[in-house]
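Spelled out from the first residue to the last, the chains are:
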Amino acid sequence: MNATETISKNASSMSTSDNTDITIRIHMLSNIPYDIFLTIALLCWNDGEDKYYSNFPIIASHVCRTWRRYALDTGVFWATLGFRQANIQPAIAKYTVWLERARGSPLDIVIEPQPFKNASVKNANAIMRLIMPHVSHWRSFRVDRVPKKISRLIFDQLRDASAPMLDSLTAVGERAKSPFQPPTTTRCEINPFVHGEAPSLRELVVVRFPHDYFIARFTKLQALQLTQFEFSQAGEIENVKSIQRVLLSLPNLHTLHIHCDSLAMMGGHRFPAQVPPLPRISHQSLRELWIRLPEESHDAILSCLDLPRVRYFQKDGTLDTAGAGHFSAAGHHILGAAL
(Lines give C-alpha, C1' and ligand atoms only; values in the text may rest on other atoms or scores of the structure.)
Protein backbone atom coordinates (compact mmCIF):
# COMPACT_ATOMS: atom_id res chain seq x y z
CA MET A 1 0.00 0.00 0.00
CA ASN A 2 1.48 3.35 -0.98
CA ALA A 3 1.28 6.63 0.91
CA THR A 4 -1.67 7.93 -1.13
CA GLU A 5 -3.76 4.84 -0.40
CA THR A 6 -2.93 5.05 3.30
CA ILE A 7 -4.04 8.65 3.44
CA SER A 8 -7.25 7.86 1.55
CA LYS A 9 -8.11 5.01 3.94
CA ASN A 10 -7.75 7.24 6.99
CA ALA A 11 -9.43 10.25 5.46
CA SER A 12 -12.98 8.96 6.12
CA SER A 13 -12.60 9.58 9.85
CA MET A 14 -11.48 13.19 9.38
CA SER A 15 -13.43 16.39 9.03
CA THR A 16 -14.27 17.84 5.63
CA SER A 17 -11.67 20.59 6.05
CA ASP A 18 -9.01 18.00 6.94
CA ASN A 19 -9.91 15.92 3.87
CA THR A 20 -9.69 18.98 1.64
CA ASP A 21 -6.28 19.86 3.05
CA ILE A 22 -4.96 16.33 2.46
CA THR A 23 -6.34 16.30 -1.10
CA ILE A 24 -4.58 19.58 -1.84
CA ARG A 25 -1.27 18.27 -0.46
CA ILE A 26 -1.50 15.04 -2.46
CA HIS A 27 -2.26 17.06 -5.57
CA MET A 28 0.79 19.26 -4.91
CA LEU A 29 3.06 16.24 -4.46
CA SER A 30 1.75 14.62 -7.61
CA ASN A 31 2.33 17.70 -9.74
CA ILE A 32 5.80 18.86 -8.78
CA PRO A 33 8.24 18.95 -11.71
CA TYR A 34 11.01 16.39 -11.91
CA ASP A 35 13.80 18.79 -10.92
CA ILE A 36 12.00 19.70 -7.68
CA PHE A 37 11.40 16.01 -6.95
CA LEU A 38 15.07 15.27 -7.52
CA THR A 39 16.13 18.10 -5.19
CA ILE A 40 13.80 16.86 -2.43
CA ALA A 41 14.95 13.28 -2.89
CA LEU A 42 18.65 14.10 -2.74
CA LEU A 43 18.25 16.31 0.34
CA CYS A 44 16.35 13.61 2.21
CA TRP A 45 18.65 10.85 1.03
CA ASN A 46 21.87 12.56 2.10
CA ASP A 47 20.58 13.01 5.65
CA GLY A 48 19.71 9.34 6.14
CA GLU A 49 21.65 6.65 7.97
CA ASP A 50 22.75 3.56 6.07
CA LYS A 51 19.61 1.52 6.75
CA TYR A 52 17.41 4.35 5.50
CA TYR A 53 19.80 5.22 2.70
CA SER A 54 19.59 1.75 1.21
CA ASN A 55 15.76 1.73 1.28
CA PHE A 56 15.17 5.29 0.18
CA PRO A 57 14.52 4.55 -3.51
CA ILE A 58 11.71 2.20 -2.49
CA ILE A 59 10.25 4.78 -0.09
CA ALA A 60 10.32 7.51 -2.74
CA SER A 61 8.71 5.23 -5.32
CA HIS A 62 5.75 4.52 -3.00
CA VAL A 63 4.66 8.11 -2.35
CA CYS A 64 2.40 8.47 -5.38
CA ARG A 65 2.23 7.48 -9.04
CA THR A 66 4.17 10.54 -10.20
CA TRP A 67 6.97 9.95 -7.71
CA ARG A 68 7.10 6.28 -8.64
CA ARG A 69 7.49 7.17 -12.32
CA TYR A 70 10.20 9.67 -11.47
CA ALA A 71 12.03 7.18 -9.22
CA LEU A 72 11.92 4.36 -11.75
CA ASP A 73 13.20 6.70 -14.46
CA THR A 74 16.19 7.81 -12.33
CA GLY A 75 18.82 5.11 -12.70
CA VAL A 76 21.20 6.54 -10.08
CA PHE A 77 18.58 5.91 -7.37
CA TRP A 78 19.15 2.18 -7.79
CA ALA A 79 22.92 2.20 -8.25
CA THR A 80 24.07 1.74 -4.62
CA LEU A 81 24.39 -1.89 -3.50
CA GLY A 82 25.27 -2.69 0.11
CA PHE A 83 25.71 -6.32 1.18
CA ARG A 84 25.41 -6.08 4.98
CA GLN A 85 22.85 -8.79 5.75
CA ALA A 86 23.50 -12.18 7.35
CA ASN A 87 20.76 -13.65 5.15
CA ILE A 88 21.99 -12.70 1.70
CA GLN A 89 19.16 -14.13 -0.42
CA PRO A 90 16.70 -11.21 0.05
CA ALA A 91 19.48 -8.78 -0.87
CA ILE A 92 20.32 -10.78 -3.99
CA ALA A 93 16.67 -10.70 -5.06
CA LYS A 94 16.33 -6.98 -4.32
CA TYR A 95 19.53 -5.94 -6.06
CA THR A 96 18.74 -8.05 -9.13
CA VAL A 97 15.79 -5.71 -9.65
CA TRP A 98 17.82 -2.64 -8.74
CA LEU A 99 20.49 -3.44 -11.32
CA GLU A 100 17.81 -3.59 -14.01
CA ARG A 101 16.47 -0.21 -12.88
CA ALA A 102 19.96 1.32 -12.72
CA ARG A 103 20.14 1.12 -16.53
CA GLY A 104 23.91 1.33 -16.74
CA SER A 105 24.37 4.09 -14.13
CA PRO A 106 27.72 4.11 -12.29
CA LEU A 107 27.51 1.58 -9.45
CA ASP A 108 28.71 1.95 -5.86
CA ILE A 109 29.15 -1.44 -4.17
CA VAL A 110 29.96 -2.28 -0.54
CA ILE A 111 30.55 -5.79 0.82
CA GLU A 112 30.73 -6.08 4.63
CA PRO A 113 31.41 -9.11 6.88
CA GLN A 114 27.84 -9.97 7.95
CA PRO A 115 27.03 -12.30 5.00
CA PHE A 116 30.03 -14.50 5.81
CA LYS A 117 29.26 -15.73 9.31
CA ASN A 118 27.80 -18.94 7.84
CA ALA A 119 27.96 -20.43 4.34
CA SER A 120 30.57 -17.80 3.59
CA VAL A 121 31.90 -19.15 0.29
CA LYS A 122 28.40 -19.81 -1.01
CA ASN A 123 27.31 -16.27 -0.19
CA ALA A 124 30.46 -14.74 -1.65
CA ASN A 125 29.92 -16.61 -4.92
CA ALA A 126 26.28 -15.50 -5.03
CA ILE A 127 27.29 -11.85 -4.60
CA MET A 128 29.99 -12.07 -7.25
CA ARG A 129 27.67 -13.80 -9.73
CA LEU A 130 25.30 -10.87 -9.33
CA ILE A 131 27.75 -7.99 -9.63
CA MET A 132 30.49 -9.25 -11.97
CA PRO A 133 28.42 -8.94 -15.17
CA HIS A 134 28.19 -5.21 -14.34
CA VAL A 135 31.89 -4.64 -13.55
CA SER A 136 32.21 -2.24 -16.48
CA HIS A 137 29.84 0.11 -14.63
CA TRP A 138 31.44 0.00 -11.19
CA ARG A 139 32.29 3.46 -9.88
CA SER A 140 33.37 2.49 -6.36
CA PHE A 141 34.03 -0.90 -4.79
CA ARG A 142 34.60 -1.49 -1.07
CA VAL A 143 35.36 -4.81 0.61
CA ASP A 144 35.30 -4.19 4.34
CA ARG A 145 36.67 -6.53 7.07
CA VAL A 146 35.55 -9.77 5.46
CA PRO A 147 37.43 -13.04 6.27
CA LYS A 148 40.73 -13.52 4.47
CA LYS A 149 39.54 -16.44 2.36
CA ILE A 150 36.57 -14.35 1.20
CA SER A 151 38.80 -11.40 0.34
CA ARG A 152 40.95 -13.70 -1.75
CA LEU A 153 37.91 -15.21 -3.47
CA ILE A 154 36.49 -11.77 -4.31
CA PHE A 155 39.69 -10.20 -5.57
CA ASP A 156 40.78 -13.33 -7.44
CA GLN A 157 37.67 -12.92 -9.59
CA LEU A 158 38.90 -9.42 -10.45
CA ARG A 159 42.33 -10.52 -11.67
CA ASP A 160 41.25 -10.71 -15.31
CA ALA A 161 38.47 -8.11 -15.14
CA SER A 162 38.43 -4.59 -16.51
CA ALA A 163 36.55 -1.77 -14.79
CA PRO A 164 36.86 1.31 -17.01
CA MET A 165 34.64 3.49 -14.76
CA LEU A 166 36.13 2.47 -11.40
CA ASP A 167 37.22 5.61 -9.56
CA SER A 168 37.55 4.39 -5.96
CA LEU A 169 38.73 1.05 -4.53
CA THR A 170 38.82 0.14 -0.83
CA ALA A 171 40.23 -3.11 0.58
CA VAL A 172 39.96 -3.42 4.36
CA GLY A 173 41.40 -6.59 5.86
CA GLU A 174 39.96 -8.70 8.63
CA ARG A 175 40.31 -7.36 12.15
CA ALA A 176 42.45 -9.03 14.81
CA LYS A 177 40.65 -11.79 16.71
CA SER A 178 41.39 -10.19 20.08
CA PRO A 179 41.01 -6.46 20.87
CA PHE A 180 44.34 -6.69 22.73
CA GLN A 181 46.20 -8.21 19.79
CA PRO A 182 48.27 -5.59 17.94
CA PRO A 183 47.04 -5.19 14.35
CA THR A 184 49.30 -6.49 11.64
CA THR A 185 49.40 -6.55 7.88
CA THR A 186 48.18 -9.91 6.61
CA ARG A 187 50.35 -11.95 4.28
CA CYS A 188 47.28 -12.54 2.13
CA GLU A 189 48.08 -10.71 -1.10
CA ILE A 190 45.29 -9.49 -3.36
CA ASN A 191 45.97 -8.51 -6.96
CA PRO A 192 42.84 -7.11 -8.62
CA PHE A 193 43.00 -6.22 -12.32
CA VAL A 194 46.46 -7.74 -12.71
CA HIS A 195 45.52 -8.94 -16.22
CA GLY A 196 42.75 -6.40 -16.73
CA GLU A 197 42.44 -2.64 -16.47
CA ALA A 198 41.14 0.02 -14.10
CA PRO A 199 42.33 3.09 -15.99
CA SER A 200 40.15 5.61 -14.12
CA LEU A 201 41.16 4.56 -10.60
CA ARG A 202 42.07 7.69 -8.63
CA GLU A 203 41.33 6.86 -4.97
CA LEU A 204 42.71 3.83 -3.14
CA VAL A 205 42.41 2.69 0.48
CA VAL A 206 44.39 -0.37 1.59
CA VAL A 207 44.01 -1.54 5.20
CA ARG A 208 45.86 -4.57 6.64
CA PHE A 209 46.89 -5.86 3.20
CA PRO A 210 50.33 -5.67 1.54
CA HIS A 211 50.38 -2.54 -0.59
CA ASP A 212 53.35 -2.97 -2.96
CA TYR A 213 51.27 -4.44 -5.79
CA PHE A 214 48.80 -1.55 -5.71
CA ILE A 215 51.50 1.11 -5.75
CA ALA A 216 53.22 -0.47 -8.76
CA ARG A 217 50.00 -1.26 -10.63
CA PHE A 218 47.98 1.96 -10.25
CA THR A 219 50.44 4.74 -10.92
CA LYS A 220 47.82 7.42 -11.72
CA LEU A 221 46.40 7.53 -8.18
CA GLN A 222 45.57 10.93 -6.76
CA ALA A 223 44.52 9.93 -3.23
CA LEU A 224 46.00 7.08 -1.19
CA GLN A 225 45.43 5.80 2.32
CA LEU A 226 47.59 3.03 3.76
CA THR A 227 46.45 1.93 7.21
CA GLN A 228 48.01 -0.41 9.80
CA PHE A 229 50.88 -1.60 7.75
CA GLU A 230 54.14 -2.47 9.43
CA PHE A 231 55.43 0.98 10.27
CA SER A 232 55.38 0.29 13.99
CA GLN A 233 58.29 -2.18 13.80
CA ALA A 234 60.21 -1.01 10.75
CA GLY A 235 62.30 1.84 12.16
CA GLU A 236 62.88 5.31 10.75
CA ILE A 237 65.11 4.38 7.83
CA GLU A 238 62.72 1.79 6.42
CA ASN A 239 59.77 4.08 7.01
CA VAL A 240 61.45 6.88 5.09
CA LYS A 241 62.28 4.53 2.24
CA SER A 242 58.68 3.27 2.16
CA ILE A 243 57.25 6.78 1.96
CA GLN A 244 59.75 7.75 -0.71
CA ARG A 245 58.89 4.67 -2.79
CA VAL A 246 55.20 5.58 -2.62
CA LEU A 247 55.81 9.17 -3.71
CA LEU A 248 58.24 8.25 -6.50
CA SER A 249 55.79 5.66 -7.85
CA LEU A 250 52.79 8.03 -7.81
CA PRO A 251 53.70 11.35 -9.43
CA ASN A 252 50.06 12.54 -9.58
CA LEU A 253 49.32 11.95 -5.90
CA HIS A 254 47.80 14.94 -4.10
CA THR A 255 46.59 13.27 -0.86
CA LEU A 256 48.55 10.76 1.21
CA HIS A 257 47.38 9.27 4.50
CA ILE A 258 49.70 6.92 6.37
CA HIS A 259 48.19 5.44 9.50
CA CYS A 260 49.69 3.07 12.04
CA ASP A 261 47.19 1.84 14.60
CA SER A 262 47.59 3.39 18.06
CA LEU A 263 47.81 -0.05 19.69
CA ALA A 264 50.65 -1.00 17.37
CA MET A 265 52.39 2.30 18.14
CA MET A 266 52.12 1.68 21.87
CA GLY A 267 53.60 -1.78 21.46
CA GLY A 268 56.38 -0.69 19.14
CA HIS A 269 59.94 -0.35 20.42
CA ARG A 270 61.77 2.95 20.49
CA PHE A 271 64.42 3.58 17.89
CA PRO A 272 67.51 5.80 18.11
CA ALA A 273 66.76 9.44 17.45
CA GLN A 274 69.78 9.88 15.19
CA VAL A 275 69.18 8.72 11.64
CA PRO A 276 71.98 8.56 9.07
CA PRO A 277 71.56 11.11 6.27
CA LEU A 278 69.28 9.83 3.54
CA PRO A 279 68.84 11.20 0.02
CA ARG A 280 66.07 13.75 -0.31
CA ILE A 281 63.31 13.49 -2.89
CA SER A 282 60.87 16.07 -4.20
CA HIS A 283 57.18 15.62 -5.02
CA GLN A 284 55.50 18.44 -6.89
CA SER A 285 51.84 17.33 -6.71
CA LEU A 286 51.26 16.38 -3.06
CA ARG A 287 48.98 18.85 -1.27
CA GLU A 288 47.84 16.98 1.84
CA LEU A 289 49.98 14.77 4.06
CA TRP A 290 48.56 12.86 7.04
CA ILE A 291 50.96 10.79 9.12
CA ARG A 292 50.25 8.74 12.22
CA LEU A 293 53.44 6.87 12.96
CA PRO A 294 55.88 6.44 15.84
CA GLU A 295 57.21 9.87 16.78
CA GLU A 296 60.75 9.08 15.67
CA SER A 297 59.59 8.51 12.11
CA HIS A 298 57.90 11.89 11.68
CA ASP A 299 61.04 14.00 11.75
CA ALA A 300 63.02 11.46 9.74
CA ILE A 301 60.39 11.41 6.98
CA LEU A 302 60.00 15.18 6.79
CA SER A 303 63.75 15.74 6.74
CA CYS A 304 64.03 13.65 3.56
CA LEU A 305 61.20 15.23 1.56
CA ASP A 306 60.73 18.40 -0.45
CA LEU A 307 56.99 19.02 -0.74
CA PRO A 308 56.57 22.57 -2.02
CA ARG A 309 52.80 22.34 -2.69
CA VAL A 310 51.63 20.76 0.58
CA ARG A 311 49.05 22.96 2.29
CA TYR A 312 47.71 20.64 4.98
CA PHE A 313 49.73 18.50 7.30
CA GLN A 314 48.16 16.40 10.06
CA LYS A 315 50.08 14.52 12.71
CA ASP A 316 48.33 12.55 15.46
CA GLY A 317 45.13 14.58 15.15
CA THR A 318 46.87 17.98 14.94
CA LEU A 319 46.12 19.83 11.73
CA ASP A 320 48.56 22.42 10.44
CA THR A 321 47.71 24.70 7.53
CA ALA A 322 51.02 25.27 5.83
CA GLY A 323 52.11 28.06 3.55
CA ALA A 324 53.81 27.56 0.22
CA GLY A 325 57.11 25.78 0.53
CA HIS A 326 56.45 24.89 4.18
CA PHE A 327 57.78 21.41 3.57
CA SER A 328 60.70 22.38 1.38
CA ALA A 329 64.30 21.94 2.46
CA ALA A 330 64.26 25.32 4.20
CA GLY A 331 60.90 24.84 5.89
CA HIS A 332 60.59 21.37 7.38
CA HIS A 333 62.66 22.10 10.50
CA ILE A 334 60.40 25.05 11.35
CA LEU A 335 57.31 22.86 11.02
CA GLY A 336 58.87 20.09 13.13
CA ALA A 337 59.60 22.56 15.90
CA ALA A 338 56.08 24.01 15.75
CA LEU A 339 54.44 20.59 16.04
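Structure: above.
Quick look at the structure, then. (Residues numbered from 1 in each chain as written. Predicted model: local features only at pLDDT ≥ 70, side-chain atom pairs only at ≥ 80, totals over all residues. Heavy atoms only, no water.)

### A few points about the overall build of the chain
The number of helices and strands found in the chain is 14 helices and 12 strands. Put simply, the chain has 339 residues, and 45% of those count as buried. Pairs at least 24 apart in sequence give 69% of the contacts found in the chain among residues at least 6 apart. (Helix = DSSP H or I, 4+ residues; strand = E, 2+ residues; numbered from the N terminus. Buried < 20%, exposed > 50% of the residue type's maximum accessible area, 1.4 Å probe, protein only. Contact = heavy atoms within 4.5 Å.)

### Topic: the environment of Thr227
As for its placement among the helices and strands, Thr227 is situated in strand E6 (residues 223–227). On a C-alpha basis, the gap between Thr227 and Val205 in space is 7.9 Å, while along the polypeptide they are 22 residues apart. What Thr227 contacts, discounting residues up to four positions off in sequence, is Val206, Val207, Arg208 and His259. Here the side chain of Thr227 touches Gln225 through a polar contact of 2.7 Å, side chain to side chain. (Polar contact = N/O pair within 3.5 Å; in protein donor to acceptor, adjacent residues only side chain to side chain.)

### Regarding the side chain of Ser120
By secondary structure assignment, the location of Ser120 is in helix H7 (residues 120–131). Not counting residues within four places of it along the chain, the set of residues in contact with Ser120 comprises Lys149 and Ile150.

### Some thoughts on the pattern of salt bridges
On inspection of all chains with the given rule, the structure shows six salt bridges. Here Glu112 and Arg84 are joined by a salt bridge, their closest N and O atoms 3.2 Å apart. Of this pair, Glu112 sits in the loop between strand E2 (107–111) and H7 while Arg84 sits in the loop between strand E1 (80–83) and helix H6 (88–102), and the two are 28 residues apart along the sequence. When salt bridges that share partners are traced, they join Arg142, Asp144 and Arg145 into one network. (Salt bridge = Lys/Arg side-chain N within 4 Å of Asp/Glu carboxyl O.)

### Side note on the packing of H7 against helix H8 (residues 148–156)
Where H7 meets H8, the closest approach of the two axes is 10 Å, and the angle between their N-to-C directions is 25°. Classified by the angle between their axes, H7 and H8 sit roughly parallel to one another. The handedness of the crossing between H7 and H8 is right-handed. For the pair formed by H7 and H8, the contact residues are Ser120, Val121, Ala124, Asn125 and Met128 on the first element and Lys149, Ile150, Leu153 and Ile154 on the second. (Axes fitted to C-alpha atoms, helices over the stretch in contact; angles between N-to-C directions. Parallel < 35°, antiparallel > 145°, perpendicular 65-115°, else oblique. Left-handed = near helix turned anticlockwise from the far one by under 90°.)

### Observations regarding the nonpolar core
Core analysis: the biggest nonpolar cluster contains 84 residues, and Phe83, Ile111, Ile131, Trp138, Phe141 and Leu224 have the highest contact counts within it. Broken down by element, the residue count for this core peaks at seven residues, all from H6. Those residues in contact with Phe141 that sit more than four places away from it in its chain are Ile109, Ile111, Ile131, Ile154, Phe155, Leu158, Leu166, Ser168, Leu169 and Thr170. (Core = buried A, V, L, I, M, F, W, Y, C linked by side-chain atoms within 4.5 Å.)

### So, the packing of aromatic side chains
Counted according to the given criterion, the structure contains nine aromatic pairs. With a centroid separation of 5.3 Å and 80° between ring planes, the pair formed by Tyr95 and Trp98 is classed as edge-to-face. Taken together, the residues Tyr95 and Trp98, both in helix H6 and three residues apart, mark about one turn of the helix. Taking the centre distance of 5.5 Å and the plane angle of 70° together, the rings of Tyr213 and Phe214 count as edge-to-face. Like Phe214, Tyr213 is buried. An aromatic cluster of three or more residues is present, and its members are Trp78, Phe83, Tyr95 and Trp98. In this structure, Lys94 is placed above the aromatic ring of Trp98, and the distance from its NZ or CZ to the ring centre is 5.0 Å. The aromatic ring of Trp78 is capped on one face by Arg101, whose charged end is 4.6 Å from the ring centroid. (Phe/Tyr/Trp six-rings, centres within 6.5 Å; stacked < 30°, edge-to-face > 60°. Lys NZ or Arg CZ within 6 Å of the ring centre and 35° of its normal.)

### Brief notes about the side chain of Asp108
Within the secondary structure, Asp108 is located in strand E2. For Asp108, the side chain forms a polar contact with the side chain of Arg139, separated by 2.5 Å. Once residues lying within four places of it in the same chain are set aside, the contact partners of Asp108 are Ala79, Thr80, Leu81, Arg139 and Ser140.

### Quick word on unusual backbone geometry
A positive phi angle is found at Phe193, which is not glycine, with a value near 65°. With respect to the element layout, Phe193 can be found in the loop between strand E4 (168–172) and strand E5 (203–207). You can call Phe193 buried: its relative accessible area is 0%. In this structure, Arg208 takes a positive phi of about 65° despite not being glycine.

### Concerning the pairing of E6
In terms of burial, E6 is a largely internal element, four of the five residues being buried. Of the strand pairs in this sheet, E5 and E6 are connected by five bridges, and their pairing is parallel. Following the sheet pairing, Val206 is matched in E6 by Leu226. Considered for its hand, the β-α-β crossover made up of E5, helix H9 (residues 212–217) and E6 is right-handed. Both E6 and strand E7 (residues 255–259) contribute to a ladder of five bridges, which runs parallel. The residue bridging Leu226 from the neighbouring strand is Ile258, located in E7. (Pairing = 2+ DSSP bridges. Right-handed = clockwise from strand over helix to strand, strands pointing away.)

Structural measurements only, silent on function.
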